[in-house]
Amino acid sequence: MVIQEKVVIGVDIGTTSTKAVVFSEQGRVLASHAVDYSMIQPYPGWAEQDPEELFAAVIQAVGGVTVRYAIRPEQVKALGFSAAMHSVMAIDKDGKPLTNLIIWADNRSVSQAERVLKEQRGIDIYRRTGTPIHPMSPLVKLLWLKEEQPDIFRNARRFVSVKDYVLYRLYGEYVTDHSLASATGLFRLSTLDWDEDVLSFLGIGREHLPRLVSATHILQGMKKEWAEKMGVAPSVPVIIGASDGVLANIGVGAVLPGEAAITIGTSGAVRTIAAKPTTDEKGRTFCYALTPGYWVVGGPTNNGGILLRWLRDEFGAQEREVAKKLGVDPYDLLTKYAERVPPGAEGLLFLPFLSGERAPYWNANARGTFFGLSLHHKREHFIRAVMEGVCFSILSVALAIRDVTGPMEEIRVSGGFAKSPFWRQILSDMLGKPLIVPQTHEASALGAAAVALHALGELPSLGMVKTWIDTTACHEPNEAHTRIYAELFDLYVRLYERLKEEFDMIAAFQRRNG
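Residues numbered from 1 in each chain as written. Predicted model: local features only at pLDDT ≥ 70, side-chain atom pairs only at ≥ 80, totals over all residues. Heavy atoms only, no water.

Draft legend 1. A look at the sheet that holds strand β1 (residues 7-13). An order of β3-β2-β1-β5-β14-β13 is seen for the 6 strands of this open sheet, with the pairing classed as mixed. Edge strands, defined here as strands with exactly one partner in the open sheet, are β3 (29-36) and β13 (218-219). Of the strands in this sheet, β1, β5 (76-83) and β14 (238-243) are in contact with helix α10 (residues 244-252), which crosses β14 at around 100 degrees. Here helix α16 (residues 443-455) sits on the sheet and contacts β1, β2 (17-23), β5, β13 and β14; the angle it forms with β5, its principal contact strand, is near 130 degrees. (Pairing = 2+ DSSP bridges. Helix = DSSP H or I, 4+ residues; strand = E, 2+ residues; numbered from the N terminus. Contact = heavy atoms within 4.5 Å. Axes fitted to C-alpha atoms, helices over the stretch in contact; angles between N-to-C directions.)

Draft legend 2. Looking closely at unusual backbone geometry. That bond from Ala359 to Pro360 is cis: its omega, -5 degrees, falls within 30 degrees of zero. In this fold, Pro360 is placed in the loop between β19 (349-351) and β20 (369-371). The backbone phi angle of Ala70 is positive, close to 50 degrees, even though this residue is not glycine. For Ala70, the location among the structural elements is in the loop between α1 (51-68) and β5. Judged by relative accessible area, which is 35%, Ala70 ranks as partly exposed. One non-glycine residue, Ala345, lies in positive phi territory at about 50 degrees. Inspection of the secondary structure assignment puts Ala345 in the loop between α13 (330-339) and β19. (Buried < 20%, exposed > 50% of the residue type's maximum accessible area, 1.4 Å probe, protein only.)

Draft legend 3. Fine view of helix α15 (residues 421-431). With 9 of 11 residues buried, α15 is to be regarded as a mostly interior element. Buried within α15 we find Phe422, Trp423, Arg424, Ile426, Leu427, Ser428, Asp429, Met430 and Leu431. Gly432 sits one or two residues past α15 and shows a positive phi near 70 degrees.

Draft legend 4. Up close: the packing of helix α14 (residues 379-405) against α15. At a minimum axis separation of 9 Å, α14 and α15 run at an interaxial angle of 45 degrees. Here α14 is positioned oblique relative to α15, judged by the angle of their axes. The handedness of the crossing between α14 and α15 comes out as right-handed. Residues Arg384, Met387, Glu388, Val390, Cys391, Phe392, Ile394, Leu395 and Ala398 of α14 form the contact with α15, whose participating residues are Phe422, Trp423, Ile426, Leu427, Met430 and Leu431. Classifying every residue of the contact of α14 with α15 by side-chain character gives 13 nonpolar, no polar and 2 charged. (Parallel < 35°, antiparallel > 145°, perpendicular 65-115°, else oblique. Left-handed = near helix turned anticlockwise from the far one by under 90°. Nonpolar A, V, L, I, M, F, W, Y, C, P; charged D, E, K, R; others polar.)

Draft legend 5. Representation of the pattern of salt bridges. Enumeration according to the criterion identifies 30 salt bridges in this entry. With its nearest N and O atoms 2.8 Å apart, the salt bridge here joins Asp313 to Arg312. Judged by relative accessible area, which is 36%, Asp313 ranks as partly exposed. Given a relative accessible area of 19%, Arg312 falls into the buried group. Three or more residues joined by partner-sharing salt bridges are found here, namely Arg128, Arg188, Asp195 and Asp197. (Salt bridge = Lys/Arg side-chain N within 4 Å of Asp/Glu carboxyl O.)

Draft legend 6. Spotlight on a nonpolar patch on the surface. Among the surface-exposed residues, Val322, Leu326 and Val328 lie close enough to one another that they form a single nonpolar patch of about 240 Å² accessible area. Here Val322 is to be found in helix α12 (residues 317-326). Overall, the relative accessible area of 33% leaves Val322 in the partly exposed class. (Patch = residues over 30% accessible without salt bridge, like charges linked within 9 Å, V, L, I, M, F, W, Y side chains within 5 Å. Areas by Shrake-Rupley, 256 points an atom, 1.4 Å probe, with all protein chains shown as cover.)

Draft legend 7. Representation of the packing of aromatic side chains within the structure. Counting across every chain of the model gives 21 aromatic pairs. Ring centres of Phe187 and Trp194 lie 6.3 Å apart, and the angle between their planes is 90 degrees; this geometry places the pair in the edge-to-face category. Per residue, the accessibility class of Phe187 equals that of Trp194, and both read buried. Seen from their ring centres, Phe370 and Phe382 are 4.9 Å apart, and the 65 degrees between their planes marks the pair as edge-to-face. Here Phe370, found in strand β20, pairs with Phe382, found in helix α14; they are 12 residues apart in sequence, far enough to count as distant. A relative accessible area of 28% means that Phe370 is categorised as partly exposed. Geometry around Trp46 places Arg108 over its ring, the cationic atom sitting 3.6 Å from the centre. Here the guanidinium or amino end of Arg169 rests over the ring plane of Phe55, the centre of that ring lying 4.3 Å away. (Phe/Tyr/Trp six-rings, centres within 6.5 Å; stacked < 30°, edge-to-face > 60°. Lys NZ or Arg CZ within 6 Å of the ring centre and 35° of its normal.)

Draft legend 8. Structural view of the packing of α1 against helix α6 (residues 162-171). It is at 10 Å that the axes of α1 and α6 come closest, and there the two elements cross at 65 degrees. α6 is crossed by α1, and the crossing has right-handed handedness. Contact residues: α1 offers Pro51, Glu52, Leu54, Phe55, Val58 and Ile59, while α6 offers Val162, Tyr165, Val166, Arg169 and Leu170. Partitioned by chemical class, the residues of the contact of α1 with α6 number 9 nonpolar, no polar and 2 charged.

Draft legend 9. Structural view of the environment of Glu321. Note that Glu321 resides in helix α12. When the C-alpha atoms of Glu321 and Ala289 are compared, they prove to be 46 Å apart, with 32 residues separating the residues in sequence.

Given below as structure tokens:
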């Protein structure tokens, strides 16, 4: 296949891979190429990545798609960037990494987060910055670095995210967009600037951080070496874009107040649009910038599709073998088993906190728990309970967001879970709301492409993206199932509250014993 028309390339730097997705000027997916990479976990609770490996993945992803589809440099109107939030790394005076990239899943700074939360400073910082105090937050990661690796902290010339580093390699300057900055805990929402009180608390200055720009900021004059390897012109406009979460809202068409996007991939998130910065008095939700007049209020969960993968890998050897013989996906078999079980898994309830939890509890010590187990429960009950547990975590976030921004009138879903009609129906039943399934599996990349066209003046309003997106399915809730899930959700919340102290105890035991 050879692509002849003008294109926009959305580059999505994710947790497990970087994707370069080629779009037409009307938002049609024409081609894509992904480059995978690994996570480094040198100690329990740590989660790092090699910044050089991620930078190489960006070059290879874009270069791979332009070569494979014979896209000429003059065809590429622009590149738009998306990146995962909450990453941070230290850079020396020569632009060399002093650390690996510490990513969102890293929990090493649990004690720092707990200490800041116990002080009034914690809730004040959240209200100003919109980023809850949690080990995921770069603010807390930097505090850990200051206390545990003071030499590195002292010798660092810059602290940057993965996208900041990629753009530095491409252009030789440190810039970051308001969206990624607003997910650091260092950025004051009311002024769109670094928060001087937080910087003073950490003992750093604004010279240690990238220059702040809007999501529509255009970079030009790419270093020739990298432009050639990617198959683009050095003069191609590169729009800095935003974080993957807020761009996913655009990419599924949830672009107005009252419209929500729910994504369940490796992890999960619920996000809706607000016209102004909005935080929660209980500190349950985040608030991140996108573009003027667009603020994204939501909450992320740590435990999404990764739990079904855990179930498949650790307990699904039989399904993997059967699936291999039949030539089908093991996940399809797991789902078929779960479909045999009625809603509520006949009283088997799962708290899905295998990776701790972010919203709405922001508790890195939370742990997974099966409750109500009895002799009649079989493997299919466990499978359904895990799928329902993920949806319960999404429901808990959705209810917190409703308290902050009001009812969700339209809900659009995406991510790996959206490929399963059965799992989508569970979520619709649990929320008691219809779900719309847009025809896109590259929501963040599409959002990045849309922001790029908006920056070039070729897309007057981001709301126009809605016209690009077809709907593939719509789910209506089963009222009887909704009543069952409402009863169980009350128990889910009570269990979490009663087990908080025990979670702390078992988490401390696990850390002591590796």
